[in-house]
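Examining the three-dimensional arrangement
Here are the chains, one letter per residue:
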Amino acid sequence: MTKAGALCLATLIGTAGALSAQTSAETEDAPLSAIDWMSSVPIALPDADPALAFEEPVVTTGAVPTVEAAPLSDGGGTGVGILSPAISGFPSTLWQGATATDISERLDALPAEAIAPIRELRQRLLLSAAAPPRGTSEAEFLVTRLNELRALGAVPMALSLVEEAGAGSLRDPGVFAVYADIALLTGTEDAACARLRGEAALSNDLALKVFCLARGRDWNAAALALNTGEILGDLSLEMGELLAQFLEPELADPDNPPLPTGPVTPLTARLREAIGAPLATAELPRAFAALDLRPDLGWKAQLDAAERLVRTGSYPVGTLRLLYNAGVPAASGGVWDRAQAMQALDASLTSGEPVVVADALTRAHGEMVDAGLEAELAAMVAEEVEQFDFADEAATGIRDRLVLLSASYESVAATASPMLQAVAFGDTSSVAPETPLELAVAAGFSPSAQASAPVSLGLEVLDAMVTLERARGGDASGVPAALATLRSVGLESTARRAALHLLLGA
């Protein structure tokens, strides 16, 4: 039965721990090594974000959209996903009429750091339970979605999705390969290794097999496989040296680690870490940022990783807010200034003094805007700052702007500019647009706005998302149809929020 992402994640972590304990109990004692050190430092995954429920905010005011809706019927097909059709709002026929290539092309066209409403909708699509597109197996489509989540740095979500798929999906070598990488990045490799030791045909990756044999404390088999692989040339020089030093820690020289000879993989990253020569993740793909979220690492490393991931919607904003308050800034500049500003803002909110809150809000807003995190700040504090009346005009403007960028946008719309007010209430019939973007947005909320014919519901939504993102670069020509499409399929709040974000430049 489909479960929420947080529940799936907790289940997987629990399963990993149980398998690890069982493996340890069934094997003989072995000398302490880098392997034991490595297993003693778990990776702390972020808490589940309530936003992952993906329930659209209820629109309580404004005109009822007049665009005719023609949603595809739900054929009742099955599909792997964390979000059931009842929760996601999408039928199981979401991808009917599409191909895997169609979907991948649209996803590739979306920037990782899209505007917040588009990021949320992307995750909703990726995590929805729906039948795979034509010509694609369930396993192949699962791999496509897992790879997309991993590219965004959303490895905990990917871990939840693959766990929801169940043991049957993990018997597919393609699914298992991605799962093994995700497990290495999230510190749950014991579960993956237990599967591989039980069914060697799951992977042809000799290096992974050596690693997993060692994780199971089968030292002799690991050493034999390593030596055989080196003799036959089945392992690169770099991988051979990394595995040798992993099995024999006394051979490791952190000051002179093996030279990298190819792309960094989750396995090479974990092996380098185990021999005392960890890699900096800032220049690596986003998925590797998960390695810096462990509590044993420095606070700055955690903050840098969390900020990097929150920009793609891959890290909960609420957890980032807690992380900002987890220590005392050791210096000034960059992330330290943001942490200090957020700490001051949270302290001011606790005090309840409007003057103090206004000053702290102004400073925190400036710091977060400079870092490209204004929408994230809105998600963190808009509901709280909305309760304050500020004498300072600048602070009032910041407060209203943050609320407009949040899910509570309607609550302050009455005092916003005519254009923003019209969009927030979903009725632009009486507004006078002044810029090309305003003209395009106003047309999107017009009763005469035309949505595209839904050849594929999923593709139409993705096309609308891509079009709205292009408007950030100045091309607003497709905005009317894109907004009309979202509204026609029931994504009214997403359409309004996306339009507000575009108009506010956030």
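Look a little higher up for the structure.
Residues numbered from 1 in each chain as written. Predicted model: local features only at pLDDT ≥ 70, side-chain atom pairs only at ≥ 80, totals over all residues. Heavy atoms only, no water.

**Regarding the overall build of the chain**
Using the following cut-off: Strands are runs of DSSP state E lasting at least two residues, helices are runs of H or I lasting at least four, and both sets are numbered from the N terminus onward. Each accessible area is a Shrake-Rupley estimate made with a 1.4 Å probe; only the visible protein chains count as cover when residues are assessed.
Tallying secondary structure elements over the chain gives 26 helices and zero strands in all. As displayed, the chain has an accessible area near 21300 Å², and 55% of this comes from carbon and sulfur atoms.

**Quick word on unusual backbone geometry**
Rules: Each residue is placed in one exposure class: buried if its accessible area under a 1.4 Å probe, protein chains only, is under 20% of its type's maximum, exposed if it is over 50%, and partly exposed if it falls in between.
A positive phi is found at Arg-217, a non-glycine position, where the angle reads about 65°. With respect to the helices and strands, the residue Arg-217 is situated in the loop between helix 11 (206-215) and helix 12 (219-232). Here Arg-217 falls in the partly exposed class, since its relative accessible area comes to 26%.

**Observations concerning the nonpolar core**
Nonpolar side chains in soluble globular proteins tend to be buried together. Note the threshold: Buried Ala, Val, Leu, Ile, Met, Phe, Trp, Tyr and Cys residues form a nonpolar core when they are joined through side-chain atoms within 4.5 Å.
Counting 144 residues, the largest nonpolar core has Tyr-179, Phe-211, Tyr-324, Leu-345 and Leu-468 as the members making the most contacts within it. Membership of the second largest hydrophobic core comes to eight residues, among which are Leu-185, Ala-269, Ala-287 and Ala-290.

**So, the pattern of salt bridges**
Basically, it comes down to this: Think of a salt bridge as a Lys or Arg side-chain nitrogen and an Asp or Glu carboxyl oxygen that are within 4 Å of each other.
Taken as a whole and assessed by the stated rule, the structure comprises 23 salt bridges. Here Asp-190 and Arg-215 are joined by a salt bridge, their closest N and O atoms 3.1 Å apart. Taken together, the residues span a long stretch of sequence, with Asp-190 in helix 10 (residues 189-198) and Arg-215 in helix 11 at a distance of 25 residues. Where Glu-238 meets Arg-272, a salt bridge forms, and the shortest distance between an N and an O atom there is 3.0 Å.

**A look at the packing of helix 11 against helix 12**
Which entries qualify depends on this criterion: Between N-to-C directions, angles span 0 to 180 degrees; the directions come from axes that are lines fitted to C-alpha atoms, helices contributing only their stretch in contact. Orientation categories follow fixed angle ranges, with anything under 35 degrees roughly parallel, anything over 145 roughly antiparallel, 65 to 115 roughly perpendicular, and all other angles oblique. For any helix crossing, the convention is left-handed if the near helix is rotated counterclockwise from the far helix by under a right angle, and right-handed if that rotation is clockwise. Between two residues, a contact is recorded if the distance between any of their heavy atoms is within 4.5 Å. Nonpolar residues are Ala, Val, Leu, Ile, Met, Phe, Trp, Tyr, Cys and Pro. Charged residues are Asp, Glu, Lys and Arg, and all others, Gly as well, are polar.
Running from N to C, helix 11 and helix 12 point in directions that differ by 160°, and their axes come no closer than 7 Å. Taken together, the axes of helix 11 and helix 12 lie roughly antiparallel to each other. Crossing angle aside, the handedness with which helix 11 passes helix 12 is left-handed. Of the residues in helix 12, those in contact with Leu-206, Val-210, Leu-213 and Ala-214 of helix 11 are Trp-219, Ala-221, Ala-222, Ala-225, Leu-226 and Gly-229. A class-by-class count of the residues in the contact of helix 11 with helix 12 yields nine nonpolar, one polar and no charged.

**Some remarks on the state of the cysteines**
Test applied: Two cysteine sulfur atoms form a disulfide, by the criterion used here, when they sit within 2.5 Å.
In this structure the tally under the stated criterion is one disulfide. The disulfide partner of Cys-193 is Cys-212, and the S-S distance across this bridge is 2.2 Å. Note on the Cys-193 and Cys-212 pair: the S-S dihedral is about -65°, so by sign convention the disulfide is left-handed. With a gap of 19 residues between them, Cys-193 in helix 10 and Cys-212 in helix 11 connect regions that are remote in the sequence. In this structure, Cys-193 and Cys-212 share a single accessibility class: buried.

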